[in-house]
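Architecture at a glance
Here is how the chains run, residue by residue.
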Amino acid sequence: MRVIIEKDAQAASERAAKLIADSLVTKPDFVLGLATGSTPLGIYEALIRKHNDGKLDFSNVTSFNLDEYVGLGPADPNSYRYFMQESLFNHINIPPENTNVPDGRALDFATYCQQYERKIVEAGGIDLQLLGIGRDGHIAFNEPGSSLGSRTRLKTLTSETIRDNSRFFGGIENVPRLAITMGVGTILETRKCLLVAFGENKAHAISQAIEGAVTAQVTASALQLHPDVTVVIDEDAGRHLKRKSYYAEVEESHRLLESN
Ligand code: GLP
């Protein structure tokens, strides 16, 4: 696991966007796993800027999003599909038919979730998966207790997540109780993961995920089992990490190797 600590959220967003952009240019038919929430917004803005500057072409890229609220359609401003259209897809040249966000209005969820998994495999698997983290250490909507081998499925949201996300819904009572989410097992099969977190309210989850034990109680800790994970955080989110000086030494080694 490579841990990169930047000064603030803006610097961390630029760094994460550069890592994504550098990966994208190595393979035109890249399969990009995307995330929602407030954390990726600065990254999406930076990617749009690179696209507008002619440095990023998404015309052969396929995307898969991690999750969606059950019951919300694409026209609902709180749906993750709507969020992705507004924050990224409408501003880049990714073909609409190449963008995949789980359908919160699927009729037969069990079959639909299997189809979503199959679609990822048929696309060749996810090359890079962008991930945020919940305050309870969840990735996607894999709440504490989710199996570390779980696949795309329905998940009941915890009261903590419902409370955290109610800021978008104008009240706790409006937040859906269920979501479709890629599983931890699905995420562990991606070729590369990029975990991002900003702010002190994520510091506890980040320290548990990176330096704590691997446990289903903190599903982001399962990333310790993944062979290629980069974590990009700001100083506030890294506040409780114990091995910060070592992470800085590793970054210095990377800089030296890259300058040679
Ligand atoms: C939701 C999403 C997660 C996201 C988390 C944190 O629970 N399903 O993918 O990481 O929110 O969101 P934010 O970035 O707004 O803190």
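One structure accompanies this document, and this report is about it. (Residues numbered from 1 in each chain as written. Predicted model: local features only at pLDDT ≥ 70, side-chain atom pairs only at ≥ 80, totals over all residues. Heavy atoms only, no water.)

1. Looking at the sheet that holds strand β5 (residues 99–100)
Within a sheet, adjacent strands bond to each other through the backbone by hydrogen bonds, running parallel or antiparallel. We apply this condition: One requirement defines pairing of two strands: DSSP has to find at least two bridges between them. The helix count covers DSSP runs of H or I at least four residues long, the strand count covers runs of E at least two residues long, and both are numbered beginning at the N terminus.
Taken in spatial order, the 7 strands of this open sheet run β1-β10-β9-β6-β2-β3-β5, and their pairing is parallel. Since the sheet does not close on itself, it has two edges, and those belong to β1 (2–6) and β5, each with one partner. Strand direction decides the pairing type here: strand β2 (residues 31–34) and strand β3 (residues 62–65), joined by 4 bridges, are parallel. Note on β3: the bridge partner recorded for Val-31 is Thr-62.

2. A look at the site of the ligand
Here is the rule: Any residue with a heavy atom lying within 4 Å of a molecule or strand is counted as near it. Any pair of N or O atoms that falls within 3.5 Å is considered a polar contact. Within protein, one atom must be able to donate a hydrogen and the other to accept it, and sequence-neighbouring residues count only if both atoms are side-chain atoms. Under the convention used here, a 1.4 Å probe and the Shrake-Rupley method define accessible areas, while residue burial counts only the protein chains that appear.
Neighbouring the ligand are 14 residues, the closest being Ser-38, Thr-39, Asp-67, His-138 and Lys-202. Backbone polar atom of Ala-140 to a nitrogen atom of the ligand: 3.2 Å apart, as the coordinates give it. Interatomic distance of 2.9 Å between a side-chain N/O atom of Arg-167 and an oxygen atom of the ligand. A total of 390 Å² of accessible area belongs to the ligand in isolation, and the protein chains cover 94% of it.

3. Observations regarding the packing of helix α2 (residues 41–52) against helix α3 (residues 80–87)
Definition in use: All axes here are fitted lines through C-alpha atoms, helices being fitted over the stretch that makes contact, and every angle between N-to-C directions spans 0 to 180 degrees. Note that the term roughly parallel is reserved for angles under 35 degrees, roughly antiparallel for angles over 145, roughly perpendicular for angles of 65 to 115, and oblique for everything else. Only heavy atoms enter the contact rule, under which two residues are in contact if any of them lie within 4.5 Å. Under the convention adopted here, Pro, Cys and the residues Ala, Val, Leu, Ile, Met, Phe, Trp and Tyr are nonpolar, Asp, Glu, Lys and Arg are charged, and Gly plus all remaining residues are polar.
For the pair α2 and α3, interaxial distance at closest approach is 10 Å and the crossing angle is 40 degrees. When the axis of α2 is compared with that of α3, the two are oblique. Contact with α2, carried on its side by Leu-41, Tyr-44 and Ile-48, involves Phe-83, Met-84 and Ser-87 of α3 and no other residues of that element. Here the residues of the contact of α2 with α3 sort into 5 nonpolar, 1 polar and no charged.

4. A short note on α2
Put simply, the rule reads: How far a helix is expected to stretch is found by multiplying one less than its residue total by 1.5 Å. Classification of residues uses two cut-offs on accessible area relative to the type maximum, computed with a 1.4 Å probe and protein chains only: under 20% is buried, over 50% is exposed, and between them is partly exposed.
Across its 12 residues, α2 extends 17 Å between first and last C-alpha, which sits within 8% of the 16 Å expected from 1.5 Å per residue. Within α2, the full set of buried residues consists of Ile-43, Tyr-44, Ala-46, Leu-47, Ile-48 and His-51. At the exit of α2 stands Gly-54, carrying a positive phi of roughly 80 degrees.

5. Some thoughts on the pattern of salt bridges
To keep things clear, this is the line we draw: In what follows, salt bridge is the name for a side-chain nitrogen of Lys or Arg lying within 4 Å of a carboxyl oxygen of Asp or Glu.
Per the counting criterion, the structure on display carries 17 salt bridges. Among the charged side chains, a salt-bridge network with shared partners connects Arg-2, Glu-6, Arg-15 and Glu-251.

6. Section: the pairing of β2
Within a regular beta strand, the side chains point alternately toward one face of the sheet and then the other, so they alternate between its two faces. Going by this rule: For crossovers, right-handed means that the path from the first strand over the helix to the second runs clockwise, given strands pointing away from the viewer.
Every second residue of β2 is oriented toward a common face, with Val-31 and Gly-33 on one face and Leu-32 and Leu-34 on the other, all of them buried. You can see the chain leave β2, run along α2 and come back into β3, and the turn it takes is right-handed. Here β2 runs beside strand β6 (residues 128–131); their pairing, made up of 2 bridges, is parallel. Bridge pairing in β6 places Gly-33 opposite Gln-129.

7. A look at the packing of aromatic side chains
How we decide: Whether two aromatic rings pair depends on their centres lying within 6.5 Å, for rings of Phe, Tyr and Trp, where Trp uses its six-membered ring; planes under 30 degrees apart make the pair stacked, over 60 edge-to-face, and the rest tilted.
Following the criterion strictly, the structure yields 7 aromatic pairs and no others. Judged by centre distance (5.5 Å) and plane angle (55 degrees), the ring pair of Tyr-69 and Phe-141 falls under tilted. One end of the pair, Tyr-69, is in strand β4 (residues 67–69); the other, Phe-141, is in the loop between β6 and β7 (153–156), and 72 residues separate them in sequence. Judged by relative accessible area, which is 2%, Phe-141 ranks as buried. Counting every residue linked through ring pairs, the aromatic cluster contains Tyr-69, Tyr-80, Phe-141 and Phe-169.

8. What to know about the sheet that holds β7
Taking strand neighbours across the sheet as the criterion, the 3 strands line up as β4-β8-β7 in an open arrangement whose pairing is antiparallel. One side of each edge strand has no neighbouring strand; the edge strands of this open sheet are β4 and β7. Pairwise comparison of adjacent strand axes, ignoring direction, gives a mean angle of 30 degrees for this sheet. Relative to strand β8 (residues 178–181), β4 runs antiparallel, the two being bridged by 3 bridges. Directly across from Asp-67, in β8, lies its bridge partner Thr-181.

9. Notes on unusual backbone geometry
In this model, Ala-140 sits at a positive phi of 55 degrees, which is unusual for a non-glycine residue. Following the sequence through the fold, Ala-140 ends up in the loop between β6 and β7. Looking at Ala-140, the relative accessible area reads 12%, which means it is buried.

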